[in-house]
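Fold and geometry: a report
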Amino acid sequence: MFRDVHKADARHLPLPDNHVDLVVTSPPYWRKRNYGFEGQIGQEKTSEEYVATIIAAMAEWRRVLRPTGSVFLNIGDTYWQKSLQGIPSLVEARARKTGWILRNRIIWVKKGGMPDPVQDRLASRHEYILHFAMNGYYYDLFGYSELYSSGRKGANPGDVWEITPKRSLGKHLAPFPSEIAERAIALACPQYLCTECGKPRRRIVERTMELDSSRPQARRALEIARENNLTPEHIAAIQATGISDAGKARLVQNGTDRNAERVRKLALEAKQVLGGYFREFTFAKRRSVGWTDCGCEAPFMPGVVLDPFMGTGTTLDVANRMGRSAIGVDLDLSQAKETL
């Protein structure tokens, strides 16, 4: 695991191709603060020019990303001449035209936001975090859900993040909340990659027969399964076929023909016994049983997180704490920690 810091422009990174697994960053917002550097991002004459600059930076980030990499971009909006500029939407549209896949528009709800003296509109209490990726990107939704789902029961936590903005009395006026970096890294930066082929180790997840016993329907489904001696193979067959060959669903869904005849037979037996309760087993709990191995028999290395607008270095701190290597880039390194 390493930590590298470079004084450089986010549009011209001193890094080799295919070197980074995840970009997590928050560029200067348009016309919000002047940091005093010639050619700095955020002081463009128009919002359209600002968006073009961000897209140019993203092209450079794509160069240094591995094929399994992605970007989490916290991008703010600006009111100019009384009108909200719609900058996140402009970035989304331009990025998609240049080949990026927009996987999520995450809403960051800013709990305890700063007071806003405005009298003729509502105070802003949210920002966007845009997840851009390429085909085949790394994603560990299971591990993320274990950490952030309600009650840690493993359900998909959704695209709204409630995070209190970090306050700072230091020189850097816009510190990045560490939880944004934590969530992005948990989702999209592999813990380990092969040093030979560069493939990340992906989590292997299996379904079980375990149901949420707090739900009466789930308890009854388990009772019926036990009373009728349904086997794990029966339950696996239900999960393989889902609901697509049950009742009216046959008319509107397809895909079961891809299952072997024996699987369809076991699923039919189980569904006849369980009736409508069979659906409970399509939502059975999952468990992590290991990690993929590329077969190269080479050592593994930690994933690499890049913040091309590192500021105080919050993203780097979080990445190292989570066992990943970290690279920070900024035009001003006076606020950054340069060592582990």
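Note that this is a predicted model, so its numbers are computed, not measured. (Residues numbered from 1 in each chain as written. Predicted model: local features only at pLDDT ≥ 70, side-chain atom pairs only at ≥ 80, totals over all residues. Heavy atoms only, no water.)

1. What about the state of the cysteines?
Where we set the bar: Criterion for a disulfide: a pair of cysteine sulfur atoms at a distance within 2.5 Å.
With the rule as written, the count across this model stands at zero disulfides. In this model C189 remains outside any disulfide bridge; the closest cysteine sulfur is found in C194, 16 Å from its own. Unpaired in this structure, C194 has its nearest cysteine sulfur neighbour in C294, at a distance of 3.5 Å.

2. Notes on the side chain of D330
Filter applied, for reference: For helices the rule is a DSSP run of H or I covering at least 4 residues; for strands it is a run of E covering at least 2, with both sets numbered from the N terminus onward. Between buried and exposed lies partly exposed: a residue is buried under 20% and exposed over 50% of the maximum accessible area for its type, with that area taken using a 1.4 Å probe on protein chains only. Residues scored as positive are Lys and Arg, those scored as negative are Asp and Glu, and His as well as the terminal groups of each chain are ignored. Throughout this description, the term salt bridge denotes a Lys or Arg side-chain nitrogen within 4 Å of a carboxyl oxygen of Asp or Glu. Pairs of N or O atoms are called polar contacts if they sit within 3.5 Å, as long as, within protein, a hydrogen donor faces a hydrogen acceptor (for residues adjacent in sequence, only side-chain-to-side-chain pairs). Contacts are assigned to residue pairs with any non-hydrogen atoms lying within 4.5 Å of each other.
Residue placement: D330 occurs in strand β14 (residues 325–330). Look at D330: it is buried, it has no salt bridge, and the nearest opposite charge is K7 at 9.3 Å. A polar contact is formed between the side chain of D330 and the backbone nitrogen of D332, at a distance of 3.2 Å. Discounting chain neighbours no more than four positions away, the residues touching D330 are H6, K7, A8, P308, F309, M310 and G311.

3. Considerations on the sheet that holds strand β1 (residues 3–7)
Let me state the cut-off plainly: Paired strands, as defined in this entry, are two strands with at least two bridges between them according to DSSP. Here the axes come from fitting lines to C-alpha atoms, over the contacting stretch only for helices, and the angles between their N-to-C directions go from 0 to 180 degrees.
Spatial strand order, β1-β14-β13-β2-β3-β7-β6-β8: eight strands in an open sheet with mixed pairing. Looking at strand neighbours, the two that pair on one side only are β1 and β8 (160–163), the edges of this open sheet. Each neighbouring strand pair of the sheet contributes to a mean axis angle of 20°, computed without reference to strand direction. For strand β6 (residues 101–110) and strand β7 (residues 126–133), the ladder comprises eight bridges, and the chain directions are antiparallel. Bridge pairing links I101 to A133 in β7.

4. Digging into unusual backbone geometry
Of note, the phi angle at N18 is positive, near 50°, even though the residue is not glycine. Inspection of the secondary structure puts N18 in the loop between β1 and β2 (20–25). The class of N18 is partly exposed, set by a relative accessible area of 46%. The residue K82 is not glycine, and still its phi comes out positive at about 75°. Relative to the assigned elements, K82 resides in the loop between β4 (79–80) and β5 (83–84). For K82, a relative accessible area of 68% gives the class exposed.

5. Some remarks on the packing of aromatic side chains
To be explicit about the condition: When two rings of Phe, Tyr or Trp (its six-membered ring) have centres within 6.5 Å they constitute a pair, described as stacked for plane angles under 30 degrees, edge-to-face for angles over 60, and tilted for the intermediate range. Ring-over charges, as used throughout, are those where CZ of Arg or NZ of Lys falls within 6 Å of the ring centre and within 35 degrees of the ring normal.
Taken as a whole and judged by the stated rule, the model has six aromatic pairs. Taking the centre distance of 5.7 Å and the plane angle of 80° together, the rings of Y137 and Y139 count as edge-to-face. When its relative accessible area of 18% is taken as the criterion, Y137 is described as buried. Taken together, the ring pairs in this structure connect Y144, Y148 and W161 into an aromatic cluster. Over the face of the ring belonging to W108 we find K110, whose NZ or CZ atom lies 5.3 Å from the ring centre. The ring of Y79 carries R121 above its face, with NZ or CZ at 3.8 Å from the centroid.

6. Focus on the pattern of salt bridges
Under the definition given, this model contains 16 salt bridges. Of the charged contacts in the structure, one is a salt bridge between D21 and R66, with a shortest N-O distance of 2.7 Å. Of the two residues, D21 sits in strand β2 while R66 sits in strand β3 (residues 65–75), which places them 45 residues apart along the sequence. Since its relative accessible area comes to 1%, D21 is described here as buried. R66 sits in the buried class, given a relative accessible area of 9%. R220 is the partner of E223 in a salt bridge, and the nearest nitrogen-oxygen pair spans 3.1 Å.

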